[in-house]
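Here are the chains, one letter per residue:
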Amino acid sequence: MAERRTGRSAHIIGWGKYVPAKVVTNDDLARSVETSDEWIVSRTGIRERRIVSSPKETTATMSIAAAKEALEIAGITPGEIDLVIVATLTPDYSIPATACLVQDALGAENAGAFDLSAGCSGFVYGLAMGAQAIASGAQNCVLVIGAETLSRIVNWHDRDTCILFGDGAGAVVLRGSDEPGGVLSTLIRSDGSGGDLLIVPAGGCRQPATLDTVAMGLHYVRMNGKEVYRFATRVMDKAARQVVADAGLTMDDIDLYIPHQANMRIIQAAARSLGLPMDKFFVNLDKYGNTSAASIPVALCEAAAAERIRPGDHVVMVGFGAGLTWAAAVVQWGVPRPPVPAWRRTLDGLRYIAAGIRSQGRRLQRRVAAWLFGSPIPPTIDDGGGDPAV
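Structure report, in brief. (Residues numbered from 1 in each chain as written. Predicted model: local features only at pLDDT ≥ 70, side-chain atom pairs only at ≥ 80, totals over all residues. Heavy atoms only, no water.)

A word on the overall build of the protein. Tallying secondary structure elements over the protein gives twelve helices and 14 strands in all. Against the globule reference of 21 Å for 390 residues, the protein gives a C-alpha radius of gyration of 22 Å, in line with a compact fold. When the backbone C-alpha atoms are referred to their principal axes, the protein occupies close to 75 × 55 × 45 Å. Going through the 390 residues of the protein one by one, you find that 50% of them count as buried. At a minimum sequence separation of 6, the contacts of the protein that also span at least 24 residues come to 77%. With the model as given, the accessible surface of the protein reaches about 18300 Å², and the carbon-plus-sulfur share is 54%. (Helix = DSSP H or I, 4+ residues; strand = E, 2+ residues; numbered from the N terminus. Rg over C-alpha atoms; globule rule 2.2 N^0.38 Å. Buried < 20%, exposed > 50% of the residue type's maximum accessible area, 1.4 Å probe, protein only. Contact = heavy atoms within 4.5 Å. Areas by Shrake-Rupley, 256 points an atom, 1.4 Å probe, with all protein chains shown as cover.)

Following this line, the structure appears as structure tokens:
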């Protein structure tokens, strides 16, 4: 069964995206690998992708930019956020979580934060987790982000993968309400027997980084494209039908489908299977390629900007990816927020500057405390027989 909301409703009240400025076209790739614009477009629908151009541009920085835009549209302050979820397979570090970096940069002092790894399904997984947290009453305001810097785990000499992927981030703000609507139903699933079909073999505890793993290119993403295609075309239809039925709706009630932007052929196959015209699907992969966990929230933001989604519309999001995982959600779109006044943007900018100063101050405070008072860790284990003050 899919998960249907039974407690407070979780409404999307803000949304934002960020994509790097650098554009890499198919013709650009044709200069380094044996391919062509016609070959890539005919097989994937992708014409270009966005790639980070600076070492300072990371999953965290893109997440922060998308989150700021989402908070601005939502009209809330970072202090109102209870939880930050970042869905990514390309975190800045193994630890700390990228979500913690986002929480600190925003100044969301009251928020918990964690990363979620579910491949290209990650954003919809995060949406489900956030909506469930709100429905349970544990949280009231959740920031859900999907962000990837895939260009740093792609072998740019491997034609099978380098033509597919791009970088970017998208975010939404969920807030609890007693009004019906918002996230109506969600579904999350997995099949770990297909884990080897889309994998980065090294870098984890099974194959830690060594000179040999780097030399063999085991830190790059590897994919069995044919098997992933079969998997995706199978689950997209079933997931969409199940999550719509669980929301108490029919396929005719759905105004727009926002699928994971992996491959145009997969989206067209899903449309045929569902018996729907392509104009029911929002597609932007021609501009960005496959941005994994970022693809659905980036597409959602562009659909909202293009007024493809209107108040009261029912939207289906379906993701699939590494794991293997797949996920779907039905959302009833709410009333659009009024334009953000200039003074609010200025105030938000000052607030983020203050958050940065506060973060630096806390780091300095820890260093000064360590210098003045030394380490709080006792030199030996207390066996219970001595004076703990000694």
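Let's pick the thread back up.
Take a nonpolar patch on the surface next. A contiguous nonpolar surface patch, about 630 Å² in accessible area, is contributed by Leu364, Val368, Trp371, Leu372 and Phe373. Residue placement: Leu364 occurs in helix 12 (residues 342–373). (Patch = residues over 30% accessible without salt bridge, like charges linked within 9 Å, V, L, I, M, F, W, Y side chains within 5 Å. Salt bridge = Lys/Arg side-chain N within 4 Å of Asp/Glu carboxyl O.)

All right, on to the packing of helix 3 (residues 59–74) against helix 12 then. The interhelical angle for the contact between helix 3 and helix 12, taken along N-to-C directions, is 135 degrees, at an axis separation of 11 Å. When the axes of helix 3 and helix 12 are compared, the pair comes out oblique. For the pair helix 3 and helix 12, the sense of crossing is right-handed. Contacts between helix 3 and helix 12 involve Lys68, Leu71 and Glu72 from the former and Arg344, Arg345, Asp348 and Tyr352 from the latter. Each residue belonging to the contact of helix 3 with helix 12 can be placed in one class, and the counts come to two nonpolar, no polar and five charged. (Axes fitted to C-alpha atoms, helices over the stretch in contact; angles between N-to-C directions. Parallel < 35°, antiparallel > 145°, perpendicular 65-115°, else oblique. Left-handed = near helix turned anticlockwise from the far one by under 90°. Nonpolar A, V, L, I, M, F, W, Y, C, P; charged D, E, K, R; others polar.)

The subject of this paragraph is the sheet that holds strand 2 (residues 9–18). On the basis of which strands lie adjacent, the open sheet formed by five strands has the order 2-8-7-5-6 and mixed pairing. The sheet is open, and its two edges are formed by strand 2 and strand 6 (112–116), each paired on a single side. Averaged over all adjacent pairs, the angle separating strand axes in this sheet is 20 degrees, with direction ignored. Of the strands in this sheet, strand 2, strand 5 (83–87), strand 7 (141–149) and strand 8 (167–177) touch helix 3, which is tilted by about 125 degrees from strand 2. (Pairing = 2+ DSSP bridges.)

Attention shifts here to the side chain of Glu148. Here Glu148 lies in strand 7. Although buried, Glu148 forms no salt bridge, and the nearest oppositely charged side chain, Arg152, lies 11 Å from it. Reaching out from Glu148, the side chain makes a polar contact with the side chain of Thr90 at a distance of 2.7 Å. Not counting residues within four places of it along the chain, the set of residues in contact with Glu148 comprises Thr59, Met62, Thr88, Leu89, Thr90, Asp167, Gly168, Thr291, Ser292, Ala293 and Ala294. (Lys, Arg positive; Asp, Glu negative; His and termini not counted. Polar contact = N/O pair within 3.5 Å; in protein donor to acceptor, adjacent residues only side chain to side chain.)

Bringing the pattern of salt bridges into the picture now. Applying the stated rule across the entire model yields eleven salt bridges. The salt bridge partner of Arg358 is Glu109, with a shortest N-O separation of 3.2 Å. One end of the pair, Arg358, is in helix 12; the other, Glu109, is in the loop between helix 4 (98–106) and strand 6, with 249 residues separating them in the sequence. Taking relative accessible area as the criterion, Arg358 reaches 30% and is therefore assigned partly exposed. Linking Asp348 and Arg351 is a salt bridge whose minimum nitrogen-to-oxygen distance equals 2.8 Å. With a gap of three residues between them, Asp348 and Arg351 both fall in helix 12, about one helical turn apart. Its relative accessible area of 25% is what places Arg351 among the partly exposed residues. Members of the salt-bridge network, linked through shared partners, are Lys17, Lys287 and Glu302.

This part covers the packing of aromatic side chains. Overall, the coordinates contain three aromatic pairs when judged by the stated rule. Each ring, one from Phe231 and one from Trp326, has its centre 5.7 Å from the other, and the planes form 65 degrees; the classification is edge-to-face. Of this pair, Phe231 sits in helix 8 (residues 225–246) while Trp326 sits in strand 14 (residues 325–332), placing them 95 residues apart in sequence. Judged on exposure class, the residue Phe231 and its partner Trp326 are both buried. Centre to centre, the rings of Tyr257 and Phe281 are 5.1 Å apart; their planes meet at 20 degrees, and the pair counts as stacked. Here Tyr257, found in strand 12 (residues 256–259), pairs with Phe281, found in the loop between helix 9 (264–274) and helix 10 (285–288); they are 24 residues apart in sequence, far enough to count as distant. For the residue pair Tyr257 and Phe281, the accessibility class agrees, reading buried in each case. The positively charged end of Arg265 is found above the aromatic ring belonging to Tyr229, 5.6 Å away from the centroid. (Phe/Tyr/Trp six-rings, centres within 6.5 Å; stacked < 30°, edge-to-face > 60°. Lys NZ or Arg CZ within 6 Å of the ring centre and 35° of its normal.)

Moving on, we come to the nonpolar core. A general tendency of soluble globular proteins is for nonpolar side chains to be buried together. Judged by nonpolar contacts, the single largest core of 49 residues is most densely connected at Val244, Tyr257, Val316, Phe320 and Val330. Counting only elements with at least two residues in this core, the list comes to strand 9 (182–190), helix 8, helix 9, strand 13 (314–321) and strand 14. Top element by residues in this core is helix 8. It accounts for nine residues. If you look at the next biggest cluster of nonpolar residues, it comprises 34 residues, including Leu174, Ile258, Leu300 and Ala303. (Core = buried A, V, L, I, M, F, W, Y, C linked by side-chain atoms within 4.5 Å.)

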